[in-house]
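Coordinate analysis (summary)
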Amino acid sequence: MPQHAVPRQSYKLTHWRPHRRSVLGGAAAALFGGRLVSGRRVRAAQAGTPPALVDGLTIDLAVEPPTLDPALAYEIDAWSVVHSIYDSLLQFGANGEMEPLLAESFSLLDPLTYDIKLRQGIAFHNGEPFDARSVSFTLAHIVNPETGSQLAQNFSVVEDVEAVDDHTVRLHLAAPAPWLPSQIAPWMAMLPPDYAADPANDFASNPVGTGPFRFVEWERGQRINLERNPDYFADSAKGHAIAQSASFRFVGEASTRVADLLSGSADLIRDVPADQIATIEQAGSEVVAFPISGSAWVRIPTDVEPFSDARVRQALNHAVDIEGIVRALLAGSGERLASLFVPGGLGYDPDLAPFPYDPERARHLLTEAGYPDGFATTIDYASTEAADLVTAIAGQLSEVGIRTDARPVELATFNATWTDQAAAPLRFLTWRPLFDPYTLLSLVVSSSGFLSRYANETAQALIEQGAVETDPEARAGIYRDLGRALYDEPAAIYGFDLVAFYGVGPETPPWTPRADDYILPTYRREHGAE
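First, a word on what this report is: a plain description of the structure on this page. Note that the structure is a prediction, hence the values are computed from the model and not measured.

Okay, the overall build of the protein chain next. Within the protein chain, the regular secondary structure consists of 15 helices and 21 strands. Restricting to contacts in the protein chain with at least 6 residues of sequence separation, those with at least 24 account for 72%. For the protein chain, the exposed area adds up to about 19,800 Å²; of that, 48% sits on carbon and sulfur atoms.

Moving on to the pattern of salt bridges. Counted under the stated rule, the structure contains 23 salt bridges. D115 is paired through a salt bridge with K117; the nearest N and O atoms lie 4.0 Å apart. Owing to a relative accessible area of 31%, K117 belongs among the partly exposed residues under this scheme. For R270, the salt bridge goes to D517, with nearest N and O atoms at 3.1 Å. In this pair, R270 is assigned in the loop between β15 (268–269) and α7 (277–282) and D517 in the loop between β20 (492–504) and β21 (522–523), connecting sequence segments 247 residues apart. D517 matches R270 in its accessibility class, with the two residues each being buried.

With mixed pairing, ten strands are arranged side by side in an open sheet as β11-β12-β14-β4-β15-β20-β16-β19-β17-β18. Edge positions in the sheet fall to β11 (213–219) and β18 (402–409), since each has one partner strand and no second. As paired strands, β11 and strand β12 (residues 223–228) are joined by six bridges and run antiparallel to one another. Bridge pairing links F215 to L226 in β12.

Right, let's talk about the packing of aromatic side chains for a bit. Both the distance between ring centres and the angle between the ring planes are used here to describe each pair of aromatic rings. A complete count under the given rule lists 13 aromatic pairs for this structure. Arranged with centres 4.1 Å apart and planes meeting at 10°, the rings of F355 and Y487 form a pair that is stacked. Within this pair, whereas F355 is found in the loop between α9 (322–329) and α10 (359–368), its partner Y487 is found in helix α15 (residues 472–488), the two being separated by 132 residues in sequence. Summarising the burial analysis for this pair, F355 and Y487 share the class buried. Considering the side-chain rings of Y502 and W511, the 5.1 Å spacing of their centres and the 85° angle between planes classify their relative orientation as edge-to-face. Ring pairs connect the aromatic residues W79, W187 and Y518, which therefore count as one cluster. Across the ring face of W418, the terminal group of R427 is positioned such that the distance to the ring centre comes to 4.8 Å.

End to end, α15 covers 25 Å across 17 residues, agreeing with the expected 24 Å (1.5 Å per residue, within 8%). Taken together, the buried positions of α15 are occupied by R475, A476, G477, I478, Y479, L482, G483, A485, L486 and Y487. As for α15, its buried residues are in contact with α13 (438–445), α14 (457–468) and β20. Its side-chain oxygen at 3.2 Å from the backbone nitrogen of E473, D471 defines the N-terminal cap of α15.

Once that is clear, we can look at the pairing of strand β7 (residues 103–110). Most of β7 sits inside the fold, with six of its eight residues counted as buried. With antiparallel pairing between neighbouring strands as the criterion, β7 and strand β8 (residues 113–118) make up a hairpin whose turn holds two residues.

Thresholds, definitions, all that
- Residues numbered from 1 in each chain as written.
- Predicted model: local features only at pLDDT ≥ 70, side-chain atom pairs only at ≥ 80, totals over all residues.
- Heavy atoms only, no water.
- Helix = DSSP H or I, 4+ residues; strand = E, 2+ residues; numbered from the N terminus.
- Contact = heavy atoms within 4.5 Å.
- Areas by Shrake-Rupley, 256 points an atom, 1.4 Å probe, with all protein chains shown as cover.
- Salt bridge = Lys/Arg side-chain N within 4 Å of Asp/Glu carboxyl O.
- Buried < 20%, exposed > 50% of the residue type's maximum accessible area, 1.4 Å probe, protein only.
- Pairing = 2+ DSSP bridges.
- Phe/Tyr/Trp six-rings, centres within 6.5 Å; stacked < 30°, edge-to-face > 60°.
- Lys NZ or Arg CZ within 6 Å of the ring centre and 35° of its normal.
- Expected span 1.5 Å × (residues − 1).
- Polar contact = N/O pair within 3.5 Å; in protein donor to acceptor, adjacent residues only side chain to side chain.

Shown next, in the form of structure tokens:
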């Protein structure tokens, strides 16, 4: 294959900076081993000393994964379980940089070749060795049409996996893919080839990984139970296990998760509602507010009227008071965005101002587009999302004449109807992580995206340019241009960046939240921890 000589370099995704605030405290959010919660630092762990293991830890998640096949895990609760059991070659670090995990090093030899040195002495939970065969097998599984992974197209850029030796792999690409590491981190969790290739082993239900916890059992509809992997490598970027066993329970109602925390039946819970923060703290538990690399928005299609008219899509943006919704419903945890890009992520443009809340301007644009009396539409949202947020958005759209019915949809159905023109044209969603926006752009915004109902020639050309530009600064510039194009031709009602609220029980050991929003039962001492 043709080669383009460039200086050998270690790959780093982007220069992400920590989020600029702590939502509850007004300063940079800190880790749970010495964190700021409502402005106070609590339970600071001694630097260099992992917390003592507790016997068991119960974590309430909102959604039960449909499978534990990493290639089919598409949301944060599935990732939380998957990445407790499995390891990828890489992971996102606290500041968005790529950190080696099962890779010892990950280097770009030239725009079409990645060189990967693998950790030695790593074994899967069943004793099978981790080596170059695992990389080849895992990639083949993702791109196999029988797997049915939504990410198969993104990995098809890899033309060949060359095993230089047992612990050195080279990925030969069909085209430059500076975004490939951002795909590897969440989805290319290493599979044991002997175990996974045996049809007698259902690894999607009985997974075997190399991660900090081993799979024990899955009580369908209730919980997944794990046990600590005592042989986990001590210097893993994931950190140290904080419990001998961990149980992930699936509790769809936020109020029930809060009740579990307050009763002591759960030690750690996801998605604390803003109006429950004071109740939790008054009861002696704690709330961790942690900035994550993600955003909330309402997808708008261009393949159906009246949304094919950019003026209508602009009107939707002017019609919604994002700042007011954030203040009223999210304890002020988030800032309005001007596009799909988030602060700290590749392509974010601080000079691009968000759409101002201007109902009169929205009505004027609707009239100009030929809809002086407005129109009726529907907005779908996954039943796991906050209904009050979507109801508020729908209500404000209705006030300018866009009569909007907000409709909750079970998560599996929501994920199956992205491109269904019989489904609601508008859909509210949250997306993370966004250190590198390639996944979002390639799936949802590109005209050829697996989940896309958006098309614009200017945006498409910039998406394609950004996908092959290997210089990080030049790529960031392309995405800033794309942000401006998506402002003129909106792909969404642009919402706000995300802050996660976790509920933590009084007996829970120090735990490290993550900027990608996985909940892993691990603790990681950051450099300079107090």
